[in-house]
Every structure is written in C-alpha cells, then in structure tokens.
Amino acid sequence: MEKLHVYNSLTRRKEVFEPISPPFVGMYVCGPTVYGDAHLGHARPAITFDVVYRYLRHLGYKVRYVRNITDVGHLENDADEGEDKIAKKAKLEQLEPMEVAQYYTDRYHEVMQMLNVLRPSIEPRATGHIPEQIRMIEKIIENGFAYVVNGSVYLDVVKYAQYYKYGELSGRENLDELLSGSRELEGQTEKKNPFDFALWKKASPEHIMRWQSPWGEGFPGWHIECSAMSIKYLGECTDIHGGGMDLKFPHHEAEIAQTNACLHPHPPRNEAKYWMHNNLVTINGQKMGKSLGNFITLEQFFSGNHPLLLRSYSPMTIRFFILQSHYRSTLDFSNDALTAAEKGLQRLLNGLRLAKELKTSPITTFDLNAYKASLYAAMNDDFNSAMVIAQLFEGIRLINAIDQGMEKITASDLEAFISLLNTFTFDILGLKQEIEDVTPRLEAVMNILIELRNEARKNKNYALSDAIRDKLAQNKILLKDTPEGTRWQFAPTE
RNA sequence: GGUAUCAUGGCCGAGUGGCUAGGCAGAAGUCUGCAAAACUUCUUACGGGGGUUCGAUUCCCUCUGAUACCUCCA
C-alpha cells in the first residue's frame, strides 16, 4: 500500500510522511481566539485537522494532538487606544476577561462536538503559560536575537536573517521588499525595523490583562504562545504544525523565527517538520469577516437564523460540505452548494443502511481489494477527502448493484465491505448518522402501522392508507413502498 | 507595488501529459393504486493568446480576472 504523502507548506511539495520518532506523532494546530462565536472559518481547520488526527490514529500512530485556546487578547488594529481585544469586550459586557474567554471557550466546544470534532489530547491556554513564554523571550534575548525598548521586546529580524532564513514559509525572503511592502503604522517608532515583531509588549494603563515580567508589566506578543506551548508539549521540533492559510504570514513565519532564535539550532529546526495549511472558506467569493457583514456563525447555520441563509443546515451537512473539497482549495459557500451536500450525504448514509440488508452469494463479482486500495490511496494522497467521498459513492453504487442482483458478494466479503465503508465514513471522515436510534418498541409500532396500512391498500382503501402515510410524514417518518415491502425512515433533519 | 493561491460542464467540486472523478440540478426509462424513494442511462467541461510535445485541461511564457496576506485581528 502506498505511503502517506503530506503537502508541506515549507517546501511546497508533497512529501512522504515520516514521523521524527515513530510510532509517536506530535501535532500542533492553532486554535481559536475566544472572544466571539465560532463561524464557518473556524470549522474548516477544526475539521481538516480532525480528519488528519483520525487518519493518523487509524494508521496506528500514537498521536499527541495539541490545539491551543488563545485567551490573551490581541490589539485591535483600528482601536484608538490599542486596547486588548478581550479586555475591550469585557468592558462592554461588564464581565471579567476570563469570564468572556471561558464563555466562548465553552461555546466553541459545544459546536465542535456537534460537528463531531474530537477533542485534542491537550488544549492549553495562553494565559496558563505566561512563565514559559517569558523564559523563551529571555532565551532569545540571551542569544542576541531580540532587543528591549521601553518595556517591550522585539525580535531583530535583520540579526536573525544573518543566521537563518526568514520568510521561507511565505516566500518573503527578501528583506528589502518586505521593508518596502510594510505599512507605516502609528507606534512603530520603537522598532529598529518595521518588520521586527513584538515578543513582549508593555501594557498601557487601561490594559486589563497584564503580567509581571523582567521588562515590567505587560503581555506576551502575538505569536509567542504557540511556540512556547508547542515546545513544552511536543518538543523542540514537532511533526506537524497546522492552521489556516491566513496564519502563514506573519503568525507562522514569526513562530519559526522565534523558535529558531530561542533554541539556536544548527541546522534550523523550524519548529515543525511538516507545516500544513488549510485554505479559506469564502462566501460569494469573499473571505468571511465581521467587517464585511457576511459573517455567519456555526450556530446560525444550525438554526438558519441569518439573512444569507435560506434555511438551516445540520452540523453533519456542514462537515460533509467541507470534506467534499480538498483542504488546500478555497471553498465557496452558497445555499445551493449546502443543499447539494445535504442530499449527497443523505444518499451516502441511506446506502450504508441498505448494505446491512443485502443478500449474499457464493461468489463476489467485483474486486474488493482494489476498491479498498482506492480508498487508502485517496487518503494517502495528502488527505484527499474529496476523493474518498467520490470512492464512497462508488461503494454505494456497488451496494445498489448488489441489491438489484447485478453484482454478487459473499457473506465474509460483505462483512469486510461494510466494515471498510463504515471505517472510512464514520471513523476517518468523522461523519455520523444524525437521526435518533430506532428502539425495538418503535420498530414494533411501525410494523403494526405498516401492516394496517398494507391491509387497507389491499382492500383499495387508499383514503386510509394515504392518511396513515401523510400523518407519519407530518411526524418526520417517511414510508417507501418497494418491491421488497414497505420500508420506513426518519426524514432528514432540518 | 510585493508575496502567495486560484480560474474546470447549469451549480458545487476532484484530478490528470493521451484512459470522460464524484455530488447536486436537468432529461428519458424501470418500479408503482398514487406518492415518495431507489435504480439504470444520458448531457464529454477545463479563462484568452502563444510555446514545448506525436499529443496539453494538465508543463512553460504571457494576458485577463478572482481571492488572501504584506507585522501588531488570529
């Protein structure tokens, strides 16, 4: 079987995945900033790396998956006072900053659970790792890669670039171009160069979240938390570091620089062996953003309560929709696309249910091993979930063909076939049936109703039989008259 | 201006130097008291212009267009 290949953003190539210390795999993913509700843009990285996590575990790796919670607020780009983002919200709502962070952390967990996203192994908070961040900054200063100005600490990019490549990840290796491209902003006069970035920032008097440090009261810079926590829990160089494409620059570029500046390794270890970036979700071709007014939270998707939404979409529809595209492609949202995803998902899940009722034969008429290989080949090709789903539909086609007697399968092959389909659909892609479980009691009641209705149909009492069907439909139970008898199922949730 | 990514059939979206991904929608058919569902079949696309090649949607150049980022929003 072909080996797993991963697209490494650092080298811009697909590489064979070889963990640094097999069977262990360390994976760090940049988590949410908890000052607002999670939206579609949060679902994409969470689901992308959830599938990576699930598949690596499926392959037998012992994975430690770390996804942080950023609860140290960051400065508002356009805020007059340069107020801490979380602190600002706290003042508006008359809450403690940590209360706000806790509230949105809980909300984040709720929607992630609905999306069937597994909890990471460790979910560290930035505020819980201030000492680690301070020690890291001290080390960087010791190594001569940072300078202190007026209670703030900045990384000296020019100095750093004398020892290591800066800008490799984002293709910004020419510092002169970087210089000409950077914007002139207020309050940058402390820096030696505009592209130097803060490791520690002195707190202004109105800043609520602040900590004591060797350089006075302040708060950590915007990138140092991930580096500090990645090193703490996953070592000096982890296997995978993931996040959204929008984090490549400056966030991940800064992380690489900080980590090399702190550890001062030769050759550079760049914090992670494989850097993975998922692409963005767009709405009508545009990035989703609060300022653009096309910002839809996941909760709004689930409830349908947003002007851009024609109706509600279930968490699994969202998950399936995201997995239908490859994680490195942009994904454009629309009601039509989501409706199409919902129907496709329904077809997939209905087919899997049918598989359990198939009749077996003395022979199997198709190549089950080749089919299995195609599923693994798709996953091994940089987690191509879109290809996996296409192959799962090929599986559904086979199930229907068996049901119609056009293909045959042995009992043992059927067992293996069902197990394979379930493994990929539920364990690896993390989809799930959203309908409630059928209890034996409900099953018995349904059988009685179907029997009565069929009695009525036999007597050509269609008024009664249709009434039974319609009333059940009103209660989200659908009847289907097939040549094999009447089948029933729950209506898709809306 | 710089950096990066991308442009695929009515819609969404994979992929590939030659072998018509897949889903949704649409059409026809099978089944059926009706309905719904299901199944089968069909609709052969890769932004424009050059080039490399026996052959390019796939590689190279160029043009056009789109999106993101360019250090204090992650």
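Residues numbered from 1 in each chain as written. Chains lettered and ligands numbered in written order. Predicted model: local features only at pLDDT ≥ 70, side-chain atom pairs only at ≥ 80, totals over all residues. Heavy atoms only, no water.

**Some words on helix H1 (residues 40–58)**
- In a regular helix each residue adds 1.5 Å, so 19 residues correspond to 27 Å; H1 covers 27 Å between its end C-alpha atoms and thus fits that length.
- In terms of residue burial, H1 counts as a mostly covered element, since 15 of its 19 residues are buried.
- The first or second residue beyond H1 is Gly60, which carries a positive phi of 100°. (Helix = DSSP H or I, 4+ residues; strand = E, 2+ residues; numbered from the N terminus. Expected span 1.5 Å × (residues − 1). Buried < 20%, exposed > 50% of the residue type's maximum accessible area, 1.4 Å probe, protein only.)

**Some points on the state of the cysteines**
- Counted according to the given criterion, the structure contains 0 disulfides.
- Free of any disulfide, Cys30 has its nearest cysteine sulfur in Cys226, 3.9 Å distant.
- Residue Cys30 is classed as buried on the basis of its relative accessible area, which comes to 12%. (Disulfide = S-S within 2.5 Å.)

**Here's the deal with the environment of Glu132**
- By the element assignment, Glu132 lies in helix H4 (residues 130–142).
- Sequence-distant contacts of Glu132, that is, excluding residues within four places in its chain, are made with Ala228 and Lys232. (Contact = heavy atoms within 4.5 Å.)

**Considerations on the nonpolar core**
- Counting residues in each nonpolar core, the largest one holds 83 residues, and the members touching the most others are Leu298, Phe301, Ile318 and Phe417.
- Among the elements that take part in this core, H1 stands out by supplying 10 residues, more than any other.
- Taken domain by domain, this core gets at least three of its residues from each of domain 1 (5–278) and domain 2 (282–428).
- Excluding residues within four positions of it along the chain, Leu298 makes contact with Ala38, His39, Leu40, Ala43, Val111, Met112, Leu115 and Ile318.
- By size, the runner-up hydrophobic cluster in this structure holds 31 residues, among which are Met136, Trp200, Leu263 and Ala272. (Core = buried A, V, L, I, M, F, W, Y, C linked by side-chain atoms within 4.5 Å. Domains from an automatic or database assignment.)

**Observations concerning the confidence of the model for chain A**
- Residues of chain A with pLDDT of at least 70 account for 90%, and the chain-wide mean is 86.
- Residue range residues 75–82 is modelled with pLDDT below 50. Its contacts to residues more than four positions away, or to other chains, number 11 contacts.
- Across residues 183–187, where pLDDT falls below 50, the model places 1 contact with residues more than four positions away in sequence or in other chains. (pLDDT = per-residue confidence, 0-100.)

**So, the packing of aromatic side chains**
- This model, assessed by the stated rule, comprises 17 aromatic pairs.
- Summarising the aromatic geometry, the rings of Tyr53 and Tyr65 are spaced 4.9 Å apart at their centres and angled 55° between planes, so their arrangement reads as tilted. Of this pair, Tyr53 sits in helix H1 while Tyr65 sits in strand S4 (residues 62–67), placing them 12 residues apart in sequence.
- Classification of Tyr65 by relative accessible area gives buried; the value is 1%. (Phe/Tyr/Trp six-rings, centres within 6.5 Å; stacked < 30°, edge-to-face > 60°.)

**Digging into the environment of Thr297**
- Looking at the element boundaries, Thr297 is found in the loop between strand S12 (286–287) and helix H9 (298–303).
- The sequence separation of Thr297 and Asn447 amounts to 150 residues, and the corresponding C-alpha distance is 41 Å.
- Setting aside residues no more than four positions away along its own chain, Thr297 makes contact with Asp37, Ala38 and His39.

**A short note on the sheet that holds strand S8 (residues 218–220)**
- What the 4 strands build is an open sheet, ordered S5-S6-S7-S8; its pairing is antiparallel. Among the strands making up the open sheet, the edge pair consists of strand S5 (146–149) and S8. Across the sheet, the axes of successive neighbouring strands diverge by a mean angle of 20°, strand direction being ignored.
- Bridge analysis of strand S7 (residues 197–202) against S8 gives 3 bridges, and the strand direction is antiparallel. Across the sheet, Trp200 pairs through a bridge with Pro220, a residue of S8.
- Each of S5, strand S6 (152–155), S7 and S8 is contacted by H4, which is oriented at about 120° to S7, the strand it contacts most. (Pairing = 2+ DSSP bridges. Axes fitted to C-alpha atoms, helices over the stretch in contact; angles between N-to-C directions.)

**With respect to the environment of Glu255**
- Turning to its location among the elements, Glu255 is positioned in helix H8 (residues 248–263).
- With a relative accessible area of 0%, Glu255 lands in the buried category.
- Residues Glu255 and Ala272, 17 residues apart in the sequence, show an inter-C-alpha distance of 10.0 Å.
- Once residues within four sequence positions are removed from consideration, Glu255 is found in contact with Cys30, His223, Cys226, Ser227, His241, Glu271 and Trp275.
- Among the polar contacts made by the side chain of Glu255, one reaches the side chain of His241 at a distance of 3.5 Å. (Polar contact = N/O pair within 3.5 Å; in protein donor to acceptor, adjacent residues only side chain to side chain.)

**Brief notes about the packing of helix H13 (residues 385–403) against helix H14 (residues 411–428)**
- Between H13 and H14, the shortest axis-to-axis distance is 11 Å and the interhelical angle comes to 150°. Between H13 and H14, the crossing angle belongs to the class labelled roughly antiparallel. Once H13 is placed against H14, the crossing between them reads as left-handed. Here Val388, Leu392, Gly395, Leu398, Ile399 and Ile402 of H13 come into contact with H14, specifically with Phe417, Leu421, Phe424 and Thr425.
- The residue makeup of the contact of H13 with H14, split by class, is 8 nonpolar, 2 polar and no charged. (Parallel < 35°, antiparallel > 145°, perpendicular 65-115°, else oblique. Left-handed = near helix turned anticlockwise from the far one by under 90°. Nonpolar A, V, L, I, M, F, W, Y, C, P; charged D, E, K, R; others polar.)

**Points about unusual backbone geometry**
- Here the residue pair Pro22 and Pro23 is connected by a cis peptide bond, since its omega of 5° sits within 30 degrees of zero.
- Of the consecutive residues Phe249 and Pro250, the connecting peptide bond is found in the cis state with omega at 0°.
- Residue position: Pro250 is located in helix H8.
- In this model, Arg12 sits at a positive phi of 60°, which is unusual for a non-glycine residue.
- Considering the arrangement of structural elements, one finds Arg12 in the loop between strand S1 (5–8) and strand S2 (13–16).
- For Arg12, a relative accessible area of 42% puts it in the partly exposed group.

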